[in-house]
Amino acid sequence: MAPPVQSQRSPSPSQPSGKGEVSDLKLQLRQLAGSRAPGVDDSKRDLFKKVISYMTIGIDVSSVFGEMVMCSAASDIVLKKMCYLYVGNYAKVNPDLALLTINFLQRDCKDEDPMIRGLALRSLCSLRVANLVEYLVGPLGSGLKDRSSYVRTVAVMGVLKLYHISASTCIDADFPAILKNMMFNDSETQVVANCLSALQEIWSSEASTSEEASREREGLLSKTNVYYLLNRIKEFSEWAQCLVLELVAKYVPSEGSEIFDIMNLLEDRLQHANGAVVLATIKVFLQLTLSMTDVHQQVYERIKAPLLTLVSSGSPEQSYAVLSHLHLLVMRAPFIFSSDYKHFYCQYNEPSYVKKLKLEMLTAVANESNTYEIVTELCEYAANVDIPIARESIRAVGKIALQQYDVNAIVDRLLQFLEMEKDYVTAEALVLVKDLLRKYPQWSQDCIAVVGNISSKNVQEPKAKAALIWMLGEYSKDMHDAPYILESLIENWEEEHSAEVRLHLLTAVMKCFFKRPPETQKALGAALAAGLADFHQDVHDRALFYYRLLQYNVSVAEHVVDPPKQAVSVFADTQSSEIKDRIFDEFNSLSVVYQKPSYMFTDKEHRGPLEFSDEVGNISIGIESAGTVVPVQRVEANDKDLLLSTSEKEESRGPSNNGSVYSAPSYDASAVSAAASQTLLELAISNPTVSGHAPQPSLEIDDLLGLGLPVEPAPAPSPPPLKLNSKAALDPSTFQQKWRQLPISLSQEHSISPEGVAGLTAPQALLRHMQGHSIHCIASGGQSPNFKFFFFAQKAEESSTFLVECIINTSSAKAQMKIKADDQSLSEAFSALFQSALSKFGLL
Amino acid sequence: MISQFFVLSQRGDNIVFRDCEHRGEVQKGTAEIFFRKVMFWKEDGEGDAPPVFNVDGVNYFHVKVAGLLFVATTRVNVSPSLVLELLQRIARVIKDYLGVLNEDSLRKNFVLVYELLDEVIDFGYVQTTSTELLKSYVFNEPIMVDAARLPSLGPGGIFMQRSKRMPGTAVTKSVVANEPGGRKREEIFVDIIEKISVTFSSSGYILTSEIDGTIQMKSYLTGNPEIRLALNDDLSIGSGGRSIYDYGSSSGSGAVILDDCNFHESVHLDNFDIDRTLSLVPPDGEFPVMNYRMTQEFRPPFRINALIEEAGPLKAEVILKVRAEFPSSTTANAIIVQMPLPTYTTRASFELEPGAVGNTTDFKEANKRLEWGLKKVVGGSEHTLRAKLTFSQESHGNIMKESGPVSMTFTIPMYNCSRLQVKYLQIAKKSKTDNPYRWVRYVTQSNSYVARL
């Protein structure tokens, strides 16, 4: 309803200004209030409508409150409803007036007509005036027991409303317990559904302070409760089905057969016309089968057709919501969708937010068999009238080129783009050709021939210009005009607004100079002079740096600035796999549409109704771990244009590493990490400002760079040998509860051996092995390369428990462990046991 | 959990505004924030605003129905599908009640709409969206907008409408209001609506084709009789051996093979596997009985031939040919052929065939687009348009790349490409004397119908 605040808004000419009309209305209502003339109800209805229409457009009509209440004493239900609507809107800002209505609402709560009882109860609970809550408890109590299911549904929501006005009143009246009872016994499914919604909200918010509420909240996920709801699922309305399915998705079955029972029961929900029901069902299927790789893949196959049907039926808005989810699944398992690529072709009349998703999906599913067709299709879009989409399409072609082995045909296409003579096409294509050359230097001959024909005057976009300049510098040996083009660009230094371009220009002219000194010397001198005079600090510093290098020794300078380059094998992914997993865990929520985990766009209390397993994840994957640790063979990127920013990074990193990285005989990750760390250690020690607190800080630097050097375990102060109980038992809900409550007592990261990685192809083996060491797995999941395990163990002859979260990434060969313990003093000892168990498996 | 629900007109006026929670979670003024964001999205060069976006922690969901914006807000990380589906459903319920959904009818009936909303959403939680159930809670009578100006109720009514994606039935009768005669007419409408997408390559091959169909029902039957709807006997579902049902099917020639389909929750599929009949007790109001999707090859209703050729240094000629490949007993309506031209086109002069009637031609200067409209096209006929273009600069021999693709929109009543049929519509009715009207109607509409150059 239009909030009174809006009344300050100046009314538009078509709308009445308010004041005069309102007092007029007041007068008329007063006249009608006592009248019993025939037809008076109709006139009242008309007046009421007028009041409500003023309210909607934002005129303050709170001054007629008294008259409204007086008029609706009559039994006309339409009048009553309008009055309730009005009262609900103004009661909160006029508590005194609200008090006036309590009487008649309470009386109506005892009316013969269940409709009136329900409506009155709803209005009573919607008054939202804190000092009136005492009047709610009685009517709510009897409403919950009402013989009419309508009144009961209203009453259950009323309890939740009461909880939000005054939690203590609600709890003291023992309403949650009543709702719990009703949830299992009421014959009306909407009552059951409302009980579930209300209890989820109440117990979730109580759980932080009350042990009991926290237990009750977990009780909602008990087998009894979940099965009870599942067995009735077809009686529920489609919306209530979504609610139940959302709950089931959090349920952790204790045995495998349950998983199949649940999936068989829900199989036909996948054919529902309501996309929300289908997505909620899919979430259940995906979550249940996380640890069963084969079945999980079958689930993907099974849900493909229903998802595609939903995408193409319904309104564009609905299909977008489904498409976002399909997008997530395609990005997770592109190979499953590679034969469906035609479904991801863009239609000319689709909005660009749909096209963007489809382009990404096309890029992801491209493989050896369909690349030709996909690239042909993408090339059609490059001439699209929608320029942003045309750009995206060209980028997509480039991305496919970078991920394919056979890039022959694609390179030709890209080169054709350069010949299209459309500014933005040329610009995008230049950037791509540059990236392509960084990965496939063998294509340089073909590309350079075409690039050489492009006049630098036709390239205006900074990114494209930078790319062109980079190529001029890099391939100046083969590009006949390179020194002269660079020279003319340097002559226009003043007009070049982009610092990025000027930086590239400095580097390119340096590289060109090493290759063709006589032709470039003049240009280099001009560039360095212009650079030194540049107002931009980075440009100035780089010019100065080059100048000093050259002064020191030209061959050293060449070694630093233009060493032989290794092809880049993998460009970094924009999103860490942890973030992707997190979004996947939040399937069927806004996280998928925004492509961000919920902590990035919403605060804690609004993440969604049930946050059990998420909280476990929350602790393990905090924001801080989102991307600060970068594996060595990848290059960190935070810019939209990954490749360009990485190229800058490489270059800026080059000098500080003394060139040792790039001249290393083979680009082997371990060699590099060793070399780099050594360099850093040397740097740290030789640098007088840092050496003060060596060697401890140097270790920290290692960690900072995530080089994965095994950290020396601190010698524990001779703890008594720890023995574990081989028959330890813990149920999942207790685990979750403990995991939430206990602080992290130890957090470690280890590198894992290649043999260990191989062993993980069958995670079951690891679980059995750990069990042999009295460390039990309670939950595991993930897909290569990311595995996640939750273990627990108990101290022999004591009930002291240890909990472990272990995340293993096989591609970066890292294992992260977080240990929580009842008795924190024992966590070191436990960690040692845990590690020795892992190393006996060959992991460490 | 929804915080607010509102309906805005195209100009951004609040027509309906409901605060569902009073929890103070979402601040006031959201309607203005929302409308400004949607308006400026396009100007920021990012195209249309997506149906879901977040401003300062508040999530905005919207769907466009009949030129109105149906909006919901929340701070909670809810299921976007659920909220968008709900918004669409609210629009449908309102339409069921008002007969016609537009700004005028909504303004006249906003009290009724509030009454409906109160029962649909309580404290942000969905209670019901069934028109059937809502009837017992809702007491305001709808005020009808001038029905005289609206298309007739007959089976032809549907073809007057040209909504882009999902044409509603033109049944503009409220499910609750009584006819002027006082007595409701017993009738039921079943519409088979197919949206087709075809992409032709430059050489005329079909690159992709898809039919997205809906069997939509709107029932005005009293007493909730059971209905049986029989589809083609040879209908099979699941293509390429990936059949989800095991029929041991022999998909011989002529069989209709759907890739996949889904059903309204009221539909019973007990006999579907045996004799392809759907049985259901139709709830009041309009609803999709079944949605289906088909990529099996079909004969596209139109062939498009487009040619652009240079005709001198600053000139080119375009020849567009459209051939209707459906029976001559069928007529397509409201055909529009569009073709983007090179950006340096300054002028276009058109030449139609002699004797062409009901044709319009236009060169849209602003977006450099050629537009050719044909009121009617009879099956089997062929139509040609010639256009002479004048350029402001030389074309570098790239005109093929700088123009096209040709796209087409049309509606073909009483025709469907999939050959999916309703064989019969049986109404279980106690009295033999009262025979309700049954309307079974087919319509094919273009979704994305494109020919590349």
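Because the structure is predicted, anything quoted here is derived from the model rather than measured.

**Focus on the interface of chain A and chain B**
Turning to step 1, where the next piece is worked out: Between chain A and chain B, the contact holds 95 residues from the first and 96 residues from the second.
Turning to step 2, where the next piece is worked out: Summed over both partners, the interface of chain A with chain B comes to about 8,000 Å²; 54% of that surface belongs to carbon and sulfur atoms.
Turning to step 3, where the next piece is worked out: Considering only the surface of chain A that becomes buried against chain B, Trp239(A), Gln271(A) and Tyr348(A) emerge as the three largest contributors, covering 10% of it.
Turning to step 4, where the next piece is worked out: Between chain A and chain B we count 34 residue pairs in polar contact (both at pLDDT 80 or more) in total.
Turning to step 5, where the next piece is worked out: Broken down by class, the residue content of the side of chain A that touches chain B amounts to 42 nonpolar, 34 polar and 19 charged.

**Considerations on the confidence of the model for chain B**
Note that predicted coordinates carrying low pLDDT should not be read in detail.
Residues and elements named next belong to chain B.
Turning to step 1, where the next piece is worked out: Averaged over chain B, the pLDDT score is 84; the fraction of residues at 70 or greater is 86%.
Turning to step 2, where the next piece is worked out: Here residues 240–252 is a poorly scored stretch, pLDDT under 50, and it has 15 contacts once near neighbours within four places are set aside; other chains count.
Turning to step 3, where the next piece is worked out: What the predictor reports for the complex is a pTM of 0.77 with an ipTM of 0.89.

**Brief notes about the nonpolar core**
Turning to step 1, where the next piece is worked out: Val61(A), Tyr86(A), Leu326(A) and Phe70(B) are the most contacted members of the largest nonpolar core, which has 275 residues in total.
Turning to step 2, where the next piece is worked out: Apart from residues no more than four positions distant in its own chain, Val61(A) is found in contact with Val22(A), Val51(A), Tyr54(A), Met55(A), Tyr86(A) and Tyr90(A).

**Points about the sheet that holds strand β23 (residues 382–391) of chain B**
Note on sheets: strands pair through backbone hydrogen bonds, and any given pair is parallel or antiparallel.
Residues and elements named next belong to chain B.
Turning to step 1, where the next piece is worked out: Pairing is antiparallel across the open sheet formed by four strands, whose spatial order is β17-β18-β23-β20. Looking at which strands have only one partner, the edges of the open sheet turn out to be β17 (302–310) and β20 (345–352). Along the sheet, successive strands turn relative to each other by an average axial angle of 20 degrees, direction set aside.
Turning to step 2, where the next piece is worked out: Here strand β18 (residues 315–324) pairs with β23 via nine bridges, running antiparallel. Counterpart to Leu320 in the pairing with β23 is Leu385.

**A short note on the environment of Pro300(B)**
All names here are of chain B.
Turning to step 1, where the next piece is worked out: In this structure, Pro300 sits in the loop between β16 (285–294) and β17.
Turning to step 2, where the next piece is worked out: Look at Pro300 and you get buried, because its relative accessible area is 4%.
Turning to step 3, where the next piece is worked out: For Pro300 and Tyr449, which are 149 residues apart along the polypeptide, the C-alpha to C-alpha distance reads 9.6 Å.
Turning to step 4, where the next piece is worked out: Residues in contact with Pro300, not counting those within four places in the same chain, are Val198, Phe200, Ile206, Glu325 and Tyr449.

**Some points on the confidence of the model for chain A**
All names here are of chain A.
Turning to step 1, where the next piece is worked out: Per-chain confidence: chain A averages 79 in pLDDT, with 81% of residues scoring 70 or above.
Turning to step 2, where the next piece is worked out: Across residues 1–15, confidence stays below pLDDT 50; counting only partners more than four residues off in sequence or on other chains, it has 32 contacts.
Turning to step 3, where the next piece is worked out: Predicted confidence for residues 610–717 stays below pLDDT 50, and this span has 130 contacts to residues more than four positions away or in other chains.

**A closer look at the packing of helix α21 (residues 387–403) of chain A against helix α22 (residues 408–418) of chain A**
All names here are of chain A.
Turning to step 1, where the next piece is worked out: Put simply, α21 and α22 touch, their axes get as near as 10 Å, and they point 150 degrees apart. As the angle between them shows, α21 and α22 are arranged roughly antiparallel. Classified by chirality, the crossing of α22 by α21 is left-handed. In this structure, α21 contributes Ile394, Val397, Ile400 and Ala401 to the contact, and α22 contributes Ile410, Leu414 and Phe417.
Turning to step 2, where the next piece is worked out: Looking at side-chain class alone, the contact of α21 with α22 contains seven nonpolar, no polar and no charged residues.

The rules behind each value
The numbering scheme is per chain: residues are counted from 1 as the chain's sequence reads. Key to labels: chains lettered from A, ligands numbered from 1, both in the order written. Totals for whole chains, interfaces and linings use every residue, but because this is a predicted model, local features are given only for residues with pLDDT of at least 70 and side-chain atom pairs only at 80 or more, for both listing and counting. Side-chain metrics in this entry use all non-hydrogen atoms of the structure; hydrogen atoms and water are not considered. In what follows, a contact means two residues having at least one pair of non-hydrogen atoms within 4.5 Å. Each of two parts loses accessible area, computed with a 1.4 Å probe, when they are put together; buried area is these two losses added. Nitrogen and oxygen atoms within 3.5 Å of one another constitute a polar contact, given that in protein one can donate a hydrogen and the other can accept it, and given that sequence-neighbouring residues count only through two side-chain atoms. The nonpolar class holds Ala, Val, Leu, Ile, Met, Phe, Trp, Tyr, Cys and Pro. Asp, Glu, Lys and Arg form the charged class, and all remaining residues, Gly among them, are polar. pLDDT: the predictor's confidence for each residue, scored from 0 to 100. Working definition of a nonpolar core: buried Ala, Val, Leu, Ile, Met, Phe, Trp, Tyr and Cys residues. They are joined through side-chain atoms within 4.5 Å. Three exposure classes are used, based on accessible area relative to the maximum for each residue type with a 1.4 Å probe and protein chains only: buried under 20%, partly exposed in between, and exposed over 50%. At least two DSSP bridges between two strands are needed for those strands to be called paired. Secondary structure elements are taken from DSSP: a helix is a run of H or I of four residues or more, a strand is a run of E of two residues or more, and numbering for both begins at the N terminus. Orientation is described by axes fitted as lines to C-alpha atoms, over the contacting stretch for helices, and by angles from 0 to 180 degrees between their N-to-C directions. Angle categories: roughly parallel below 35 degrees, roughly antiparallel above 145, roughly perpendicular from 65 to 115, and oblique for all the rest. For any helix crossing, the convention is left-handed if the near helix is rotated counterclockwise from the far helix by under a right angle, and right-handed if that rotation is clockwise.

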